[in-house]
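Below, each chain spelled out in residue letters.
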Amino acid sequence: REGKLRLDFNENTVGCSPRVLRALRRLASRERLSLYPEYEAVRQKLAAFFNVAPDALLFTNGTDEAIQLVVNTYVDDNEPVALLSPSFPMYRFYAQAAGAVITEVPFRRPDLTFPRDELLSAITPETRAVLIANPNNPTGTAVDLADVHRILEKAQNAAVLIDEAYFEFHGTTALGLIPHYPNLFVSRTFSKVYGLAGLRLGCLLSQPENIAYLHKAQSPYSVNSLAVICAAEAVEDRAYIERYAAEVVKAREQLCRGLRRLKVPYAPSAGNFVLAHFGDRAKEVCIRLREAGILVRDRSFEIPGSVRVTVGNRAQVRRFLAALREVL
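Residues numbered from 1 in each chain as written. Predicted model: local features only at pLDDT ≥ 70, side-chain atom pairs only at ≥ 80, totals over all residues. Heavy atoms only, no water.

**Focus: the overall build of the chain**
Keep this limit in mind: Each helix is a run of DSSP H or I of at least 4 residues and each strand a run of E of at least 2, with the numbering of both proceeding from the N terminus. Using a 1.4 Å probe on the protein chains alone, a residue whose accessible area is under 20% of its type maximum counts as buried, one over 50% counts as exposed, and one in between counts as partly exposed. Should any heavy atoms of two residues lie within 4.5 Å, those residues are considered in contact. Here the open area of atoms and residues is found with the Shrake-Rupley method and a 1.4 Å probe, where only the protein chains shown may cover a residue.
Across its full length, the chain holds 12 helices and 13 strands. By principal-axis analysis of the C-alpha atoms, the chain measures approximately 55 × 55 × 30 Å. Scored against the burial criterion, the 328 residues of the chain give a buried share of 54%. Put simply, 71% of the contacts in the chain that link residues at least 6 apart link residues at least 24 apart. Counting every atom, the chain has about 14,600 Å² of accessible surface; 51% of that belongs to carbon and sulfur.

Structure representation (structure tokens):
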């Protein structure tokens with residue numbers, strides 16, 4: 001994928017802050033690489049960044065490990081787990097691996113809005129986990145905090161994970177609810193706006209008692225030392241984060257305007273991606289764009305005829321739209 005216009009995995013399409021690279025060159029020494037990671041100093045810094053206590057934060061090997069830890073800690077064989085569909089496939093993967101009984105609640109068709117009432121009906125006193133992405137991947141659907149409140153109240157016997165991988169492009173977070181709900185877990189990632197997908201770093205945030213339980217289910221050094229060094233530098237460059245997120249939001253609007261001009265239907269999105277609908281031409285569109293050096297993600301296996309397009313900057317969106325015009 002290197003060297004192509006990567007609009008397929010929702011990564012940062014221009015790269016991380018230059019400050020991160022400078023720190024990596026300065027701090028990546030032979031001695032440091034020979035040591036097992038030490039997390040405490042960076043934990044203090046990131047806890048302050050997220051405005052939580054240090055013992056309310058756990059580093060994870062990407063969001064994938066965050067999901068796995070929640071499921072492994074709170075779900076046993078044959079216990080119910082509630083998911084949305086379509087959504088990030090690792091929710092189902094780890095729930096299946098744990099032997100859970102999975103209930104999938106579909107997003108409402110055709111506009112893919114959040115199925116609040118349907119999800120609330122699917123949650124029972126026996127439900128042990130509810131896994132929600134906000135905004136949701138691949139639909140781009142956002143969940144407002146009032147609905148998060150309702151879910152937390154209904155699922156009092158369950159671990160409720162709100163995966164905020166795309167928070168910076170949406171702006172709504174459940175972090176402020178953590179002190180009020182002992183069943184709430186929030187995950188964040190450094191793979192998207194921060195441009196550190198190759199380092200595999202995420203974090204889980206919850207009440208300290210929960211973090212202590214999760215820590216027992218985690219291997220002691222699952223996050224590498226270079227990842228935490230880079231994360232500490234990435235959060236210091238707030239101007240870069242805000243500038244890139246603002247550029248993506250403008251580019252997202254530009255992409256949607258372009259799709260409308262091309263008469264391509266799409267779902268409104270709060271993330272750094274848009275789910276477009278090409279009908280029976282979806283696979284052809286993906287193949288021909290790849291031939292032009294542009295990668296997009298065919299999601300027809302979940303929603304027939306759909307293709308997910310990552311939003312980069314405005315210049316990248318112009319290049320994508322020009323190539324798509326040729327394909328169509």
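**Brief notes about the pairing of strand 7 (residues 184-189)**
Using the following cut-off: Note on pairing: DSSP must find at least two bridges between two strands before they are called paired.
Most of strand 7 is tucked away, with six of its six residues classed as buried. Bridge count for strand 6 (residues 159-163) against strand 7 is four bridges, and the pairing is parallel. Within strand 7, the residue paired with aspartate 163 across the bridge is serine 187.

**What to know about a positive patch on the surface**
For clarity, the threshold we go by: Patch building starts from residues that exceed 30% relative accessible area and form no salt bridge, then joins like charges within 9 Å and nonpolar side chains (Val, Leu, Ile, Met, Phe, Trp, Tyr) within 5 Å. Whenever Lys or Arg places a side-chain nitrogen within 4 Å of a carboxyl oxygen from Asp or Glu, that contact is recorded as a salt bridge. Neither His nor the chain ends contribute to the count of charged residues, in which Lys and Arg are positive and Asp and Glu negative. All charge positions are set by atom: Lys at NZ, Arg at CZ, Asp at CG, Glu at CD.
On the surface, Arg257, Arg260, Arg261 and Arg325 cluster together into a patch of positive charge. For the positive patch, the element with the highest residue contribution is helix 10 (residues 238-261), accounting for three residues. Here arginine 260 lies in helix 10.

**Notes on the pattern of salt bridges**
As a working rule, side chains carrying opposite charge can pair if their charged atoms are close by. Under the criterion given, the structure shown has 18 salt bridges. A salt bridge links glutamate 11 to arginine 1, with the shortest nitrogen-to-oxygen separation between them at 2.7 Å. With glutamate 11 in the loop between strand 1 (5-6) and helix 1 (18-27) and arginine 1 in the segment before strand 1, this pair connects stretches of sequence that are 10 residues apart. Of the charged contacts, one joins arginine 6 and glutamate 11 as a salt bridge, the two residues approaching to 2.6 Å between their closest N and O atoms. Residue classification places arginine 6 among the partly exposed positions, given a relative accessible area of 22%. Glutamate 11 sits in the buried class, given a relative accessible area of 14%. If you follow the salt bridges from partner to partner, you end up with Arg1, Arg6, Asp8 and Glu11 in one network.

**Comments concerning the sheet that holds strand 9 (residues 266-267)**
Applied cut-off: Whenever a helix is involved, its axis is fitted only over the stretch in contact; in every case the axis is a line through C-alpha atoms, and angles between N-to-C directions fall within 0 to 180 degrees.
Taking strand neighbours across the sheet as the criterion, the four strands line up as 9-10-13-12 in an open arrangement whose pairing is antiparallel. At either margin of the open sheet sits one strand with a lone partner, and together these are strand 9 and strand 12 (297-298). Packed on one face of the sheet, helix 10 meets strand 9, strand 10 (273-277) and strand 13 (306-310) and runs near 10° to strand 10.

**Considering the side chain of serine 187**
Just so we agree on the cut-off: We define a polar contact as two N or O atoms separated by no more than 3.5 Å, with the added condition that, inside protein, one atom must be a possible hydrogen donor and the other a possible acceptor, whereas residues neighbouring each other in sequence contribute only through side-chain atom pairs.
Assignment of secondary structure puts serine 187 in strand 7. A polar contact of 3.2 Å, which involves the side chain of serine 187, links it to the side chain of aspartate 163. Excluding residues within four positions of it along the chain, serine 187 makes contact with Thr63, Ala66, Leu161, Ile162, Asp163, Glu164, Ala165, Cys203 and Leu204.

**Some words on the packing of helix 4 (residues 62-74) against helix 8 (residues 208-216)**
Our working rule: If an angle is under 35 degrees, it is roughly parallel; if it is over 145, roughly antiparallel; if it lies from 65 to 115, roughly perpendicular; otherwise it is oblique. Residue type decides the class: Asp, Glu, Lys and Arg count as charged, Ala, Val, Leu, Ile, Met, Phe, Trp, Tyr, Cys and Pro as nonpolar, and the leftover types, Gly among them, as polar.
Two elements in contact, helix 4 and helix 8, have axes separated by 9 Å at closest approach and are oriented at 90°. In terms of orientation, helix 4 lies roughly perpendicular with respect to helix 8. From helix 4, Leu69, Val70, Thr73 and Tyr74 reach across to helix 8, where they touch Asn210, Tyr213 and Leu214. Across the contact of helix 4 with helix 8, the residue classes tally to five nonpolar, two polar and no charged.

**Overview of the nonpolar core**
As a rule of thumb, nonpolar side chains are buried together in soluble globular proteins. Test applied: Among the buried residues, those of types Ala, Val, Leu, Ile, Met, Phe, Trp, Tyr and Cys that are joined through side-chain atoms within 4.5 Å form a nonpolar core.
In terms of nonpolar packing, the biggest core is built from 89 residues, with Leu119, Val130 and Phe320 touching the most fellow members. It is helix 10 that contributes the most residues to this core, eight residues altogether. Ignoring anything within four residues of it in the chain, the contact list for phenylalanine 320 reads Leu7, Leu255, Leu289, Ile294, Val296 and Val309. Ala66, Val71, Ala100 and Ala159 belong to the second largest nonpolar core, which has 24 residues in total.

**Looking at the state of the cysteines**
Basically, it comes down to this: The term disulfide is used for any two cysteine sulfur atoms that are within 2.5 Å.
In the structure shown here, the tally under the stated rule is zero disulfides. For cysteine 203, which is in no disulfide, the shortest distance to another cysteine sulfur is to cysteine 230 and amounts to 15 Å. Judged by relative accessible area, cysteine 203 falls into the buried class, the value being 1%.

**Some thoughts on the packing of aromatic side chains**
The condition that has to hold: Each aromatic pair joins two rings of Phe, Tyr and Trp (for Trp, the six-membered one) with centres within 6.5 Å, and gets the label stacked for planes under 30 degrees apart, edge-to-face for over 60, and tilted for any other angle. The rule is short: NZ of Lys or CZ of Arg within 6 Å of the ring centre and within 35 degrees of the ring normal puts a charge over the ring.
In total, this model carries nine aromatic pairs according to the counting rule given. When the ring of phenylalanine 190 is compared with that of tyrosine 194, the centres are 4.6 Å apart and the planes differ by 40°; the resulting orientation is tilted. Residue classification places phenylalanine 190 among the buried residues on the basis of a relative accessible area of 0%. Overall, tyrosine 194 belongs to the buried group, its relative accessible area being 4%. Sitting over the ring of phenylalanine 167, arginine 188 keeps its end group 4.0 Å from the ring centre.

Any functional reading would require information that these geometric values do not contain.
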